[in-house]
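# Notes for the structure review
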Amino acid sequence: MAQLLIVYHSRTGGARQMAEAAAEAARDEAETILKSADQAGPDDLLRADGYIFCAPENLAAISGLMKEFFDRSYYPVLGQIEGRPYAQMVCAGSDGENAARQMARIATGWRLKEVQPPLIICTHAQSPEAILAQKTIPDDQLDQCREIGAALAAGLSLGVF
């Protein structure tokens, strides 16, 4: 059975909700592993057939723990996961584009195959209080995450990618 790995980091809950929604929908189509960035590593990447990376944008960049996951994993898997499909999701306060560019650049270095444009969900958190507050992602936006999880898992199971 095909395996989908979903790696996420979340400080205020938004990205976690997004990753969980994708995983929930993916489980109907493929073996799905949901791991926080501090628990995931090279072995997880090597075992999986495809990936979803999900992180918040912090200070116009991917979160530090997500970056640390990529730093720990990049060279140990380089040249071993080429061509595998991936998608990404970003939880942002206002923009999210730079975080998406950073993850895409890392995936390009691994020679992964982007099968979905980045999904950026904007919480519109602009004040220090709103930025630090726990997030609740609306169901209609979580549905977009579910669609990505289900589609990527189905593609893996059918051998489309």
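In this report, the structure presented in the accompanying data block is examined. (Residues numbered from 1 in each chain as written. Predicted model: local features only at pLDDT ≥ 70, side-chain atom pairs only at ≥ 80, totals over all residues. Heavy atoms only, no water.)

In terms of burial, strand S1 (residues 3-8) is a largely internal element, six of the six residues being buried. A two-sided burial pattern is seen for S1, the buried positions comprising Gln3, Leu5 and Val7 on one face and Leu4, Ile6 and Tyr8 on the other. In this sheet, strand S3 (residues 50-58) lies alongside S1 in parallel orientation, the contact comprising five bridges. Looking at the pairing, Tyr8 lines up with Cys54 of S3. (Buried < 20%, exposed > 50% of the residue type's maximum accessible area, 1.4 Å probe, protein only. Helix = DSSP H or I, 4+ residues; strand = E, 2+ residues; numbered from the N terminus. Pairing = 2+ DSSP bridges.)

Moving on to the packing of helix H1 (residues 14-26) against helix H6 (residues 139-158). With their axes 7 Å apart at the nearest point, H1 and H6 run at an angle of 45° to one another. In terms of their interaxial angle, H1 and H6 are classed as oblique. Note on packing geometry: the crossing formed by H1 with H6 is right-handed. In this structure, H1 uses Gln17, Met18, Ala21, Ala22, Glu24, Ala25 and Ala26 to contact H6, whose residues at the interface are Leu142, Cys145, Arg146, Gly149, Ala150 and Ala153. Classifying every residue of the contact of H1 with H6 by side-chain character gives nine nonpolar, two polar and two charged. (Axes fitted to C-alpha atoms, helices over the stretch in contact; angles between N-to-C directions. Parallel < 35°, antiparallel > 145°, perpendicular 65-115°, else oblique. Left-handed = near helix turned anticlockwise from the far one by under 90°. Contact = heavy atoms within 4.5 Å. Nonpolar A, V, L, I, M, F, W, Y, C, P; charged D, E, K, R; others polar.)

Turning to the nonpolar core, a few remarks are in order. Tyr51, Phe53, Met66, Phe69, Phe70 and Trp110 are the most contacted members of the largest nonpolar core, which totals 27 residues. Mapped onto this core, the elements with two or more residues apiece are S1, S3, helix H3 (64-77), strand S5 (85-92) and helix H4 (97-109). With six residues, the single largest contributor to this core is H4. Formed by 26 residues, the second largest nonpolar core is a distinct cluster that contains Ile6, Met18, Leu119 and Leu142. (Core = buried A, V, L, I, M, F, W, Y, C linked by side-chain atoms within 4.5 Å.)

Within the structure shown, the criterion is met by nine aromatic pairs. On the basis of an interplanar angle of 40° and a centroid distance of 6.2 Å, the ring pair of Phe53 and Tyr86 is categorised as tilted. Here the residue Phe53 occupies a position in strand S3, and Tyr86 occupies one in strand S5, the gap between them amounting to 33 residues. Tyr86 shares its class with Phe53; the two are buried. Aromatic side chains Tyr74 and Trp110 sit 5.5 Å apart centroid to centroid with 15° between the ring planes, which places their arrangement in the stacked category. Here Trp110 lies in the loop between H4 and strand S6 (113-114) and Tyr74 lies in helix H3, a separation of 36 residues in the sequence. (Phe/Tyr/Trp six-rings, centres within 6.5 Å; stacked < 30°, edge-to-face > 60°.)

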